[in-house]
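Read off the chains here:
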Amino acid sequence: MSSVLGEENTEKESSTKKSSNNEAPSYAKDIENEEAVPKGFVVKQGIDGSLQVEEVKDDEEVLELPLKSIGKKLSEFFKSKESAYAKILNELETDEQKESPLHDKSMEMKTAKKFKYENEEGTGASYYEKAQNHLAQIPSDEGPAFQLLSEAAERGHWKAKRQVAWGHVFGKHLPIDLVEARNLFTELAEKGDPEGQMGLGLMYAAGLSHNSSQAKALVYFTFGALGGNEWAQMALAYRYWAGIGVPSNCETALTYYRKVATTVSEQVSVTGGRAVQRVRLMEEIDNPNSGGMLDDDLIQYYQFLAEKGDVQAQIGLGQLHYQGGRGVQQDHHRALNYFMQAADAGNPDAMAFIGKMYLEGGHVVAANNETAYNYFKRAADLNNAVGYSGLGLMYLHGRHVKQDYKEALTYFSLAAKRGWVDGQLQLGNMYFSGLGVKRDYKKAIEYYNLASQSGHVLAFYSLAQMQSTGTGMLRSCHTSVELFKNVAERGSWGELLTSAHQAYWAGQHKRALLLYMLLAELGYEVAQSNAAYILARHGPFPTLFPEEETLSRALMYWGRAAGQGYSFARVKLGDHYYYGWGTNVDYEAAAAHYRLASEQQRNAQAMFNLGYMHEQGEGLNQDIYLAKRFYDLARDSDSDAAVPVALALAKLAVLFAIKFITEFDWRERLSKLDPDFVFGPDWDIYMMILLTVLIASLVVLRQARNLPLHIRQQQQQNNNNNNNNFQQPQ
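Here is what the cut-offs are and how they apply
Residues numbered from 1 in each chain as written. Predicted model: local features only at pLDDT ≥ 70, side-chain atom pairs only at ≥ 80, totals over all residues. Heavy atoms only, no water. Helix = DSSP H or I, 4+ residues; strand = E, 2+ residues; numbered from the N terminus. Buried < 20%, exposed > 50% of the residue type's maximum accessible area, 1.4 Å probe, protein only. Contact = heavy atoms within 4.5 Å. Areas by Shrake-Rupley, 256 points an atom, 1.4 Å probe, with all protein chains shown as cover. Expected span 1.5 Å × (residues − 1). Disulfide = S-S within 2.5 Å. Axes fitted to C-alpha atoms, helices over the stretch in contact; angles between N-to-C directions. Parallel < 35°, antiparallel > 145°, perpendicular 65-115°, else oblique. Left-handed = near helix turned anticlockwise from the far one by under 90°. Nonpolar A, V, L, I, M, F, W, Y, C, P; charged D, E, K, R; others polar. Core = buried A, V, L, I, M, F, W, Y, C linked by side-chain atoms within 4.5 Å. Phe/Tyr/Trp six-rings, centres within 6.5 Å; stacked < 30°, edge-to-face > 60°.

Considerations on the overall build of the protein chain
Helices and strands together make up the secondary structure of the protein chain, namely 37 helices and 2 strands. Looking at the protein chain residue by residue over its 730 residues, the buried ones come to 45%. Contacts in the protein chain between residues at least 24 apart in sequence constitute 56% of all its contacts with a sequence separation of at least 6. Of the roughly 38200 Å² of accessible surface on the protein chain, 50% is carried by carbon and sulfur atoms.

Structure, rendered in structure tokens:
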């Protein structure tokens, strides 16, 4: 796994001083007869040999670096000068010679490249169209669709090749065939297709079908991101954020995450978009009720209640199908059916949700402002928060009513007071833009924060925009990146988490692993921890990569998940170093990871492990008292640790007793028991007197017990008479 991990962490590039105008660089003579990277793009080579392709700002001076000086590296990425990448460079050079704006020309060129081949259909157009019809059905008929897509791809249809390539990667109604997928991605990438470049980037990054190469992955991700592919932009942003294969650069990560987040925000409706289920397999197995996924039996039970007229079941199922999530596919047709049943029973929530569906429109119902207003009004008359928010939207945008910001503000305030997230979001928007109210960034931030606590995507996006520009708050690149990353991960591709989860529980561990590996490259922490878990629990996977790399890959994914703050991943990192799984045994490194998990996340398992290492003296100083302290901390931080801590403390007590017995100096202690030392030189006289008194006392007691019975009775009677005489009155 050295090829995978060796390029994972790179050193930061050493800073170089700019050459003065009078001093030409050493390679200046080589520039005359060689091609050079245009000033719009620059290829940088790190200390570890990895390459970075960066776009240069207009006001930044860049020395032209001849490609031939790093020809050996570039030859690994580009098969010939006639490749798509060489064409891009040549066209950019031509544009630069014409003294045209580089940014505009490069964008026009990339757009032309994108669509020149994207619309190439060959003779497979009819097959592709039929496949799309199958996929558009509810539920989609994916089996026949992918058979048609395969036929269309063989006939030269460009878009079909994309879907077939991903189908072979994930085994989606096609056999998993990484070699065929690589061939298709290569064909797409050579024509400059961003999705093909993204696919090759994934295969090089994850080491699928060939050895891992983070440098090649970086180049393909970069070109895919420049071509507008959202997955490539996310992968590149995560690498710059986490410093994987490149020096960590928050601003670059911010740029790419902002692009993806903007795309996601444009696709999200005011309802907040689809829910993303972040289920950790390890936690779900330990606690089956923690995953949040609904099993089929429970859904059928709710359906039974809904059919019997249970309004709450109808509302619950309607919302579940309306937004999707928890293992349920989004289905607006079923959602509308359940909402209608509940609305007929007089439920205001159902009325409001029907109004939302008519306001937004879709394939189930056409947009109708009048119908939407009527449903919102009926719900609002019943003091429903969703109805208030809907009326606020109608007045805000002037739909079916005259535009009135003050009226909209009133309705949004009523909705927000009742805790409805849409009302909070819209109030934030109005205070931010100063619509019907004086502009107040602090108020906007307050309402955006409230809406974000309920998980609204647009609230996260608005906060990220304000953080990135320092509007109403101090600018924070790190916080902005985290917020934009949160939004980017809520795109439509987030549904792949659900697909991977379902594949795992269906026993399709290889398919689940491949899906999680893709999402791990995009920066999903849940996918990274789940990929590591599958590798450790269900590996090896010899058809994907060599068996000896299994634990090393698990170590890599645990490391990435730990870097995003998952405490248990940090503990697993410690376990790998402690036991030597996928790496050499290193007790000090294990203790360092346990200490981080203990101090930063108060992880009970990490505290327990630190106690054990102090007890055994492995990687830490042997100290029974510190061991007991960490055991006590583990018990206090997690009640589930009470039993193992009690056993560990009992064992510690036994060890302490054994240590005391073995280390106790009995000879010295016995020497201090000398009578002359304790009682003085005349101790024998005192002992004789004491023994004499004891013997005399024993003799007297024994004689008293040996008197005849009648004498003892007479004595007892005399004693009683004396007592009676003494008690008579005078």
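What follows picks up the thread again.
Quick look at helix α11 (residues 230-242)
The first and last C-alpha atoms of α11 sit 18 Å apart over 13 residues, in line with the 18 Å expected at 1.5 Å per residue. Counting buried positions along α11 gives 11 out of 13 residues, so the element sits mostly inside the fold. Those residues of α11 not exposed but buried are Trp 231, Ala 232, Gln 233, Met 234, Ala 235, Leu 236, Ala 237, Tyr 238, Arg 239, Tyr 240 and Trp 241. Phi turns positive one or two residues past the end of α11, at Gly 243, with a value near 70 degrees.

Comments concerning the side chain of His 593
Within the fold, His 593 resides in helix α30 (residues 587-601). Each residue touching His 593, except ones within four places of it in the same chain, is listed here: Arg 570, Leu 573, Gly 574 and Tyr 577.

Topic: the state of the cysteines
Here is the idea: a disulfide is a covalent bond, and it sits between the sulfur atoms of two cysteines. This model, assessed by the stated rule, comprises 1 disulfide. Between the sulfur of Cys 250 and that of Cys 477 lies a disulfide, 2.0 Å long from S to S. In this structure the cystine formed by Cys 250 and Cys 477 twists about its S-S bond by roughly -115 degrees; its chirality is therefore left-handed. You can see Cys 250 sitting in helix α12 (residues 250-267) and its partner Cys 477 sitting in helix α24 (residues 477-488), a full 227 residues away along the chain. The exposure class assigned to Cys 477 is buried, which follows from its relative accessible area of 12%.

Observations concerning the environment of Gly 201
Assignment of secondary structure puts Gly 201 in helix α9 (residues 194-206). Residues Gly 201 and Phe 221, spaced 20 residues apart in sequence, show a C-alpha to C-alpha distance of 5.4 Å. Those residues in contact with Gly 201 that lie beyond four places of it in its chain are Ala 217, Tyr 220 and Phe 221.

Some points on the packing of α11 against α12
Across the interface, α11 lies against α12 with an axial gap of 8 Å and an inter-helix angle of 150 degrees. Between α11 and α12, the angle is such that the two are roughly antiparallel. The way α11 lies across α12 gives a crossing that is left-handed. In this structure, α11 contributes Glu 230, Gln 233, Met 234, Leu 236, Ala 237, Tyr 238, Tyr 240 and Trp 241 to the contact, and α12 contributes Thr 252, Ala 253, Tyr 256, Tyr 257, Lys 259, Val 260 and Thr 263. Class assignment of the residues belonging to the contact of α11 with α12 gives a composition of 10 nonpolar, 3 polar and 2 charged.

Structural notes on the packing of helix α19 (residues 385-397) against helix α20 (residues 405-417)
For the pair α19 and α20, interaxial distance at closest approach is 8 Å and the crossing angle is 160 degrees. As summarised for this structure, α19 and α20 are arranged roughly antiparallel, according to the angle between their axes. Along this stretch, α19 crosses α20, giving a crossing that reads as left-handed. Facing Ala 385, Tyr 388, Ser 389, Leu 391, Gly 392, Leu 393, Tyr 395 and Leu 396 of α19, the residues of α20 in contact are Tyr 405, Glu 407, Ala 408, Tyr 411, Phe 412, Leu 414 and Ala 415. For the contact of α19 with α20, the class distribution of residues is 12 nonpolar, 2 polar and 1 charged.

Observations concerning the nonpolar core
In terms of nonpolar packing, the biggest core is built from 154 residues, with Phe 185, Met 198, Phe 339, Leu 513, Tyr 516 and Tyr 557 touching the most fellow members. Formed by 11 residues, the second largest nonpolar core is a distinct cluster that contains Leu 610, Met 613, Leu 620 and Phe 630.

Overview of the packing of aromatic side chains
Within this structure, the stated rule accounts for 21 aromatic pairs. Centroid distance Phe 339 to Phe 353: 5.1 Å. Interplanar angle 10 degrees. Geometry classified as stacked. Here the residue Phe 339 occupies a position in helix α16 (residues 332-344), and Phe 353 occupies one in helix α17 (residues 348-360), the gap between them amounting to 14 residues. In this structure, Phe 339 and Phe 353 share a single accessibility class: buried. With a centroid separation of 5.9 Å and 65 degrees between ring planes, the pair formed by Tyr 461 and Phe 484 is classed as edge-to-face.

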